[in-house]
Amino acid sequence: MSQSVGRVPQRRNARSNRARILATARQELGRNPDITLEELARASGVVRRTLFGHFPGRAALLDALAEEAAEAVRAAVAVGGKATEPAERALAHFSLSVWPVGDQYRMLLALAQRDLGMERVAEILEPARVKVTAIVERGQREGVFPSHLPPAVLSAGLEAMTVALLIEVNTGALEDDGTRTAVATLIAAGVPEKQARVVVDDVAATAAGSL
């Protein structure tokens, strides 16, 4: 009994160390994509052996971050808006819900081509694209969004724009809490600018009031 009880704090400490390493990696990789694991261990406040015990190499660390991001995207997509709300509100709601996830893991975008591969990034974003495609398809059917592009194609374009804006945040060229990107998303989907701003402000205020 004493042996099993003794393992509990060890497991809890191991989970704490792993979480701290990942949190530090999200921050430090955004500042320096070339940071070494040894430097990351020091920044995390753990010894090198502890970090390598959780992540034997850079690929393992990035894969863990990618899986975290994928889970966060799936959670944000699951929250979404009500199926009965107007399509433009649903799109604004989605954009505002997913932005914090993208903002938290935007450092992965800088590592996409060199380390993760674009296929892995596409896999992470797939649930979001499916959700947006469904919203766009409904909006086009209801006449809210123009039908100049197929829903899947427009969804891919909106995704690419959001990724580009996250990269601009990475470079420091843009500051955004998600509302500017949500407005840009609605405009790109075909909503007039003035209406897009009103919708986003209302959805953001409603979300803040429900907290």
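Read on for an overview of the structure. (Residues numbered from 1 in each chain as written. Predicted model: local features only at pLDDT ≥ 70, side-chain atom pairs only at ≥ 80, totals over all residues. Heavy atoms only, no water.)

**A few points about the pattern of salt bridges**
What the rule picks out here adds up to 14 salt bridges. As a salt-bridge pair, R89 and E85 come within 4.0 Å of each other at their nearest N and O atoms. Overall, R89 belongs to the partly exposed group, its relative accessible area being 21%. In this structure, the salt-bridge partner of E142 is R138, at a minimum N-O distance of 3.7 Å. When its relative accessible area of 15% is taken as the criterion, R138 is described as buried. (Salt bridge = Lys/Arg side-chain N within 4 Å of Asp/Glu carboxyl O. Buried < 20%, exposed > 50% of the residue type's maximum accessible area, 1.4 Å probe, protein only.)

**Structural notes on the packing of helix α4 (residues 58-79) against helix α7 (residues 118-141)**
A packed helix pair is summarised by two numbers, namely the angle formed by the two axes and the spacing between the axes. At a closest axis distance of 9 Å, the pairing of α4 and α7 adopts a crossing angle of 0°. When the axis of α4 is compared with that of α7, the two are roughly parallel. Of the residues in α7, those in contact with D63, A66, E67, A69, A70, V73, R74 and V77 of α4 are R120, I124, P127, A128 and K131. When the residues that make up the contact of α4 with α7 are grouped by side-chain class, the tally is 8 nonpolar, no polar and 5 charged. (Axes fitted to C-alpha atoms, helices over the stretch in contact; angles between N-to-C directions. Helix = DSSP H or I, 4+ residues; strand = E, 2+ residues; numbered from the N terminus. Parallel < 35°, antiparallel > 145°, perpendicular 65-115°, else oblique. Contact = heavy atoms within 4.5 Å. Nonpolar A, V, L, I, M, F, W, Y, C, P; charged D, E, K, R; others polar.)

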